[in-house]
Amino acid sequence: RRAKMSRRARFDAPIDFHVFNRGSRRMALFRDDEDVAVFEALLRRGLEVSGCALWCYLLMSNHFHMALRGSSVQLAKCMHYVERLYSLYHDRRYGLSGAAFEGRFEAYPQGTLSMLLRTVAYIFMNPVAAGMVSTPDVYAWSNYGSLFGGDPGPLRGETDILLQRIDDDPSVGLAKLRMFMDRESARIRRGDHRPGLSAKDVQANHFDWLLEEAKTRTSSLGTFEAMTLAIYWAKTAGFHRGALAKALGGPLSSRV
């Protein structure tokens, strides 16, 4: 089976992706530091053999998130390597059989740098939203420290390149990324963070970000309404209509 992507699109040129998957029947994928170390080692090798660049990653007990850059072919090669070998390891260690993951990974293109930075913030704030920690810096199973200081962990990622993409001055790039972290933290406090790991859940979160971006631009776009602009962007990016309806808080509307 091919990897699930938005509308199963394929991208030959390298782009940014939000990638995630969870355990089969939502079972635990990562039970201790040994499991995490194995996954990180496989991911490091998967990045090497595929040519993908890793921006960030975070492992929860029954799922993972990462943001990386590559073509669809590179992405599929990387994730096939990681998921196949980790599934074999997981089955062997815990006396199980069959796939450890719930189907193939989900991957959604990040159409703008702002959308990518929102995704990075969303990923790092997952354990905070889940009530596991109060701040992301104390959560060990991620490469948060490689961007914001502290222990960079065994899998640093291409964080220097990411900061350079934001701004030529790394300190300015880091400040801008912190701004997105603060926005995501505020969303969690307001209760706007949408829980869940289905495609609709993730795309609904993305739509909230698109709407926020549209609201900052409507003053220079004349008659375009922020909602109309956000919906246009979402449809162009291949969002599912059900995800838009979820984001708008009701059944499918004529506007969608």
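Residues numbered from 1 in each chain as written. Predicted model: local features only at pLDDT ≥ 70, side-chain atom pairs only at ≥ 80, totals over all residues. Heavy atoms only, no water.

Caption draft 1: Structural view of the overall build of the chain. Scanning the chain from N- to C-terminus turns up 10 helices and five strands. Buried positions account for 51% of the 256 residues belonging to the chain. (Helix = DSSP H or I, 4+ residues; strand = E, 2+ residues; numbered from the N terminus. Buried < 20%, exposed > 50% of the residue type's maximum accessible area, 1.4 Å probe, protein only.)

Caption draft 2: Summary view of the nonpolar core. In terms of nonpolar packing, the biggest core is built from 58 residues, with Val19, Phe30, Phe39, Leu43, Phe64, Met66 and Leu68 touching the most fellow members. Excluding residues within four positions of it along the chain, Phe64 makes contact with Val19, Phe20, Asn21, Phe30, Phe39, Leu58, Leu59, Met79, Glu83 and Phe101. One finds Phe207, Leu210, Leu211 and Phe239 within the second-largest nonpolar core, a separate group that totals 14 residues. (Core = buried A, V, L, I, M, F, W, Y, C linked by side-chain atoms within 4.5 Å. Contact = heavy atoms within 4.5 Å.)

Caption draft 3: Broad picture of the pairing of strand 3 (residues 53-59). For strand 3, a buried count of seven out of seven residues is recorded, marking the element as mostly surrounded by other parts of the structure. Between strand 3 and strand 4 (residues 63-70), which pair antiparallel one after the other, the connecting turn spans three residues. (Pairing = 2+ DSSP bridges.)

Caption draft 4: Summary view of the pattern of salt bridges. Counted under the stated rule, the structure contains 10 salt bridges. For the salt bridge of Asp167 with Lys176, the shortest nitrogen-to-oxygen distance reads 3.7 Å. On the basis of relative accessible area, Asp167 is assigned to the partly exposed category, the value being 22%. A salt bridge links Arg187 to Glu184; its shortest N-O distance comes to 2.9 Å. (Salt bridge = Lys/Arg side-chain N within 4 Å of Asp/Glu carboxyl O.)

Caption draft 5: Expanded view of the packing of aromatic side chains. All told, the structure shown has 12 aromatic pairs when counted by the stated rule. For the pair Phe20 and Tyr108, a centre-to-centre distance of 6.1 Å together with 20 degrees between the ring planes defines the contact as stacked. Residue Phe20 is located in strand 2 (residues 15-22), and its partner Tyr108 is located in strand 5 (residues 106-109); the two are separated by 88 residues in the primary sequence. The same class applies to Phe20 as to Tyr108, namely buried. (Phe/Tyr/Trp six-rings, centres within 6.5 Å; stacked < 30°, edge-to-face > 60°.)

Caption draft 6: Expanded view of the side chain of Arg22. For Arg22, the location among the structural elements is in strand 2. Looking at Arg22, the relative accessible area reads 15%, which means it is buried. At a separation of 2.7 Å, a polar atom in the side chain of Arg22 contacts the side chain of Glu102. (Polar contact = N/O pair within 3.5 Å; in protein donor to acceptor, adjacent residues only side chain to side chain.)

Caption draft 7: Highlighting empty space enclosed by the protein. Scanning the entire structure with this criterion turns up two cavities of 30 Å³ or more. Estimated volume of the largest cavity: approximately 40 Å³. Every residue along the wall of the largest cavity is listed here: Arg118, Phe180, Arg183, Glu184, Arg187, Trp209 and Glu212. Elements supplying a minimum of two residues to the lining of the largest cavity: helix 7 (170-190) and helix 8 (199-217). The element that contributes the greatest number of residues to the lining of the largest cavity is helix 7, accounting for four residues. Within the lining of the largest cavity, the residues separate by chemical class into two nonpolar, no polar and five charged. Of the volumes computed, that of the second largest cavity is approximately 30 Å³. Forming the boundary of the second largest cavity are Tyr108, Pro109, Met115, Gln203, His206, Ala237 and Phe239. Listing elements by their share of the lining of the second largest cavity, those giving two or more residues are strand 5 and helix 8. (1 Å grid on protein atoms, 1.4 Å probe; cavity = no way out; pocket = protein on both sides within 12 Å on 5 of 7 lines; lining within 4 Å. Points joined across faces, edges and corners; volume = space filled by probe spheres on them. Nonpolar A, V, L, I, M, F, W, Y, C, P; charged D, E, K, R; others polar.)

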